[in-house]
Amino acid sequence: MNTFNRVISLGEHTFLFRPFQPHDADNLLGYLNNLSQESRERFGPHPYNTDSLLDLSHSDDYQLLLAIDINTTYIAAYTVVKLGWLDFEKKRYQSYKKTEKPGDCTLAPSVADYWQSKGLGSRFLSYTLDFLKAKHHIKRIFLWGGVQIDNVKAIGFYKKNNFKDIGQFEHNGRNIDMILTISS
Ligand SMILES: CC(C)(COP(=O)(O)OP(=O)(O)OC[C@H]1O[C@@H](n2cnc3c(N)ncnc32)[C@H](O)[C@@H]1OP(=O)(O)O)[C@@H](O)C(=O)NCCC(=O)NCCS
């Protein structure tokens, strides 16, 4: 039985924030496949297929969180979190003199195109932080693959939510690494 659910209102709409369950796989795949080309280029932490979703959801190292529109049952936002650092990021973070610590995690957030820039991402992030603090004692959040330097929307979103730049790197263009340190 899942106890970490939250219901919020945004305008006329009501959303349920909760962890992914295996029966959500088709709904989440529909959400991912409906993302615009631009959003897909910004958000690609894993392949868009059922096996990937189920593999991640069955692993203790990952948390998958959903925002579901209660009236339509459509998914409006999805965030995947890796507890700890991803292997391919380690060298880069170490080059910034960062050391992996208990309480670190890596975050990849997304919001459906229709719902972007309407405040849903920030409300869902606040839930995600509460969830990660309560369930995993998370203290620092790194960005999964950083953020592309031309992703103005996401950079504004992270800055508004107190993420700080820690460095830059080249991968299909320039990217910024950012970190959020959570006060208790
Ligand atoms: C990045 C993302 C998760 C943000 O969620 P969101 O719901 O759109 O963001 P919010 O509406 O909560 O906006 C919060 C802040 O972000 C910034 N922001 C949002 N939309 C913006 C836009 N179109 N232009 C500039 N800044 C913007 C603003 O600072 C905003 O604060 P404000 O409303 O007080 O001005 C979402 O836009 C998204 O999924 N984008 C595509 C995928 C992606 O880029 N993921 C991140 C990969 S690193």
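This structure is a prediction, so every number in the text was calculated from the model and none was measured.

## A word on the layout of surface pockets
One number sums up the size of the largest pocket: a volume of about 1100 Å³. For the lining of the largest pocket, the elements supplying multiple residues, two or more each, are helix 2 (37-42), helix 4 (87-95), strand 5 (104-111), helix 5 (120-136), strand 7 (147-148) and helix 6 (152-160). Ranked by the residues each element gives to the lining of the largest pocket, the list is headed by helix 6, at 7 residues. Here the residues of the lining of the largest pocket are counted per class, giving 19 nonpolar, 18 polar and 10 charged. Of the voids in this model, the second largest pocket is the one considered here, and its volume is about 280 Å³. Looking at the second largest pocket, it is lined by 14 residues, and the ones nearest its centre are Tyr31, Asn34, Tyr74, Ile75 and Ala112.

## Overview of the site of the ligand
Around the ligand, a shell composed of 21 residues is seen, among which Val111, Ser117, Gly119, Ser122 and Lys160 lie nearest. Within the backbone of glycine 119, a nitrogen or oxygen atom sits 2.7 Å from an oxygen atom of the ligand. Interatomic distance of 2.8 Å between a side-chain N/O atom of asparagine 151 and an oxygen atom of the ligand. Contact with the protein chains removes 75% of the 920 Å² of surface that the ligand exposes when unbound. Counting residues per element, the ones that place at least two in the shell around the ligand are helix 2, strand 5, helix 5 and helix 6.

## A short note on the packing of aromatic side chains
For the structure shown, the criterion picks out 16 aromatic pairs. Arranged with centres 4.6 Å apart and planes meeting at 35°, the rings of tyrosine 93 and phenylalanine 142 form a pair that is tilted. In this pair, tyrosine 93 is assigned in helix 4 and phenylalanine 142 in strand 6 (residues 140-143), connecting sequence segments 49 residues apart. Taking relative accessible area as the criterion, tyrosine 93 reaches 0% and is therefore assigned buried. Ring centres of phenylalanine 124 and tyrosine 127 lie 6.1 Å apart, and the angle between their planes is 5°; this geometry places the pair in the stacked category. Taken together, the positions of phenylalanine 124 and tyrosine 127, both in helix 5 and 3 residues apart, correspond to about one turn of that helix. The exposure classification of phenylalanine 124 matches that of tyrosine 127, with both residues buried. Counting every residue linked through ring pairs, the aromatic cluster contains Phe4, Phe17, Phe124, Tyr127 and Phe131. Positioned above the aromatic ring of phenylalanine 169, the side-chain terminus of arginine 92 is 3.7 Å from the ring centre. Taking NZ or CZ as reference, lysine 118 lies 3.6 Å from the ring centre of tyrosine 114, over its face.

## Here we look at the pairing of strand 1 (residues 6-10)
Where strand 1 lies against strand 2 (residues 13-19), 5 bridges are found, and the strand directions are antiparallel. Within strand 2, the position partnered with isoleucine 8 by the bridge is phenylalanine 15. Counting the residues that bridge the hairpin from strand 1 to strand 2 gives 2 residues, and of these glycine 11 lies at a positive phi of roughly 60°.

## Concerning the side chain of asparagine 175
In this structure, asparagine 175 sits in strand 9 (residues 174-181). Polar contacts involving the side chain of asparagine 175 include one to the main-chain carbonyl oxygen of histidine 171, which spans 3.0 Å. Within the structure, asparagine 175 has its side chain in polar contact with the backbone oxygen of glycine 173 (distance 2.9 Å).

## Here's the deal with the pattern of salt bridges
Under the definition given, this model contains 12 salt bridges. In this structure, arginine 42 engages aspartate 150 in a salt bridge whose closest nitrogen and oxygen atoms are separated by 2.9 Å. A residue pair is termed long-range when its members are at least 10 positions apart, and arginine 42 in helix 2 and aspartate 150 in the loop between strand 7 and helix 6 qualify at 108 residues. Classification of arginine 42 by relative accessible area gives partly exposed; the value is 29%. The closest approach of N and O atoms between arginine 140 and aspartate 104, which form a salt bridge, is 2.8 Å. Of the two residues, arginine 140 is situated in strand 6 and aspartate 104 in strand 5; the sequence distance between them amounts to 36 residues. No difference in accessibility class separates arginine 140 from aspartate 104, as the two residues are buried.

Quick notes on the rules
- Residues numbered from 1 in each chain as written.
- Predicted model: local features only at pLDDT ≥ 70, side-chain atom pairs only at ≥ 80, totals over all residues.
- Heavy atoms only, no water.
- 1 Å grid on protein atoms, 1.4 Å probe; cavity = no way out; pocket = protein on both sides within 12 Å on 5 of 7 lines; lining within 4 Å.
- Points joined across faces, edges and corners; volume = space filled by probe spheres on them.
- Helix = DSSP H or I, 4+ residues; strand = E, 2+ residues; numbered from the N terminus.
- Nonpolar A, V, L, I, M, F, W, Y, C, P; charged D, E, K, R; others polar.
- Near = heavy atom within 4 Å.
- Polar contact = N/O pair within 3.5 Å; in protein donor to acceptor, adjacent residues only side chain to side chain.
- Areas by Shrake-Rupley, 256 points an atom, 1.4 Å probe, with all protein chains shown as cover.
- Phe/Tyr/Trp six-rings, centres within 6.5 Å; stacked < 30°, edge-to-face > 60°.
- Buried < 20%, exposed > 50% of the residue type's maximum accessible area, 1.4 Å probe, protein only.
- Lys NZ or Arg CZ within 6 Å of the ring centre and 35° of its normal.
- Pairing = 2+ DSSP bridges.
- Salt bridge = Lys/Arg side-chain N within 4 Å of Asp/Glu carboxyl O.

The quantities given are spatial measurements derived from coordinates; they are silent on function.
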